Amino acid sequence: MGGTNVWDAEWEVNEEQARTLIGRQFPQLSSKQVKRLGWGWDNTVFLIGDEYVFRFPRRTIAVGSIRMEGKLLPKLEAYMTIPYPKPLFYGEASDEYPAPFLGYAYVPGDFPIGLTEERRALSAETLAKFLRRLHEFPVQAALKCGVQQDHRSLTDIASRKVKLEGFLSKVVEHLSPEESSVIEAYISRLQTDRVEAVNALLHGDLHFKNMLVNENGIVSGIIDWGDLSVGHLACDLSVAYSFLPPYARGVFFETYGGADEETKLLARLIAVYIPVLILMQAVDDGDEAIVAEAKSNIMRALSD
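Residues numbered from 1 in each chain as written. Predicted model: local features only at pLDDT ≥ 70, side-chain atom pairs only at ≥ 80, totals over all residues. Heavy atoms only, no water.

The next point concerns a negative patch on the surface. The grouping of Glu 196, Asp 260, Glu 261 and Glu 262 at the surface amounts to a negative patch. Within the secondary structure, Glu 196 is located in the loop between α7 (177-189) and β7 (199-202). A residue is classified by how much of its surface remains accessible, and Glu 196, at 60% relative accessible area, is exposed. (Patch = residues over 30% accessible without salt bridge, like charges linked within 9 Å, V, L, I, M, F, W, Y side chains within 5 Å. Areas by Shrake-Rupley, 256 points an atom, 1.4 Å probe, with all protein chains shown as cover. Salt bridge = Lys/Arg side-chain N within 4 Å of Asp/Glu carboxyl O. Lys, Arg positive; Asp, Glu negative; His and termini not counted. Charge placed at Lys NZ, Arg CZ, Asp CG, Glu CD. Helix = DSSP H or I, 4+ residues; strand = E, 2+ residues; numbered from the N terminus. Buried < 20%, exposed > 50% of the residue type's maximum accessible area, 1.4 Å probe, protein only.)

Turning to helix α1 (residues 15-25), its buried residues number three or more, namely Ala 18, Leu 21, Ile 22 and Gly 23. Packed against the buried residues of α1 are β1 (34-39), β2 (43-48), β3 (52-57) and β5 (101-105). Of the residues that open α1, the one with a side-chain oxygen 3.1 Å from the backbone nitrogen of Glu 16 is Asn 14. (Contact = heavy atoms within 4.5 Å. Polar contact = N/O pair within 3.5 Å; in protein donor to acceptor, adjacent residues only side chain to side chain.)

Spatially, β6-β10-β7 is the arrangement adopted by the three strands of the open sheet, whose pairing is mixed. What marks the edges here is a single partner per strand, and that holds for β6 (148-149) and β7. One ladder, built from two bridges, connects β6 with strand β10 (residues 229-232); its direction is parallel. Bridging from a neighbouring strand, Gln 149 pairs with Val 230 of β10. (Pairing = 2+ DSSP bridges.)

This paragraph deals with the environment of Glu 51. Mapping Glu 51 onto the fold places it in the loop between β2 and β3. Its relative accessible area of 34% is what places Glu 51 among the partly exposed residues. Between the C-alpha atom of Glu 51 and that of Leu 143, which follows or precedes it by 92 residues, the distance is 31 Å. Those residues in contact with Glu 51 that sit more than four places away from it in its chain are Lys 32, Tyr 104, Ala 105 and Tyr 106. A polar atom in the side chain of Glu 51 sits 2.7 Å from the side chain of Lys 32.

Okay, structure coming up:
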């Protein structure tokens, strides 16, 4: 069934299919309401009653991630300072659906879309403490659970820069002349080709679609752990640039325990790169709210 975009699904699961698949393997949940919450590149997500969330892989590439999450996420509990979805139900592949799937405790909250800069700044210490603890998790223990090591070549700035230029050419008509010129100027100033590796356990995909906030706009949940990996900690520290206003970054890095200039340079690049990918998909979906939020993340990342 695969389409032309990297996020196109190989298998789609609708609410009726999800209800059947969950009910067969977990009869205790069969009376609960099933509601599709949304989907990302790799998984379709359903709310079961108001207590659980189930994720079904949409692509073969996501199956290994689901298996790895099932092993590693329970081990992270002692390191977590922000609520996260703990796996509770381990669904097996069957004739009806070819992949394993996972059910988690539901983490309440809203996506941080359209927050003021003042509200964002309130999460500087919360995010820094969360990442400091996560990055303390023993790398060897993570690798034993099947986590991949630097499979995205995070430290290779030169090739990421080339990819970024290619992505931007696809969305340039959705950017204002000012946005385009700011991004182009940034890319032309980026002269570093590679940075030294620094290995830590990473969430790996820390952006506004994988974060939840409470009624005060403070980060209250971190979701979608399918990109758990070992690699350069700048990948996660990118949130200091994409999510936080410039004036809150000092508090963030002070609380985290500091970062060298190479790490900050790579973190800023990833803080532009990830929202550009989100922007591409949002344009394809016609989702104006996500388009606007992705663009504001890019411009914030490039502000000092």
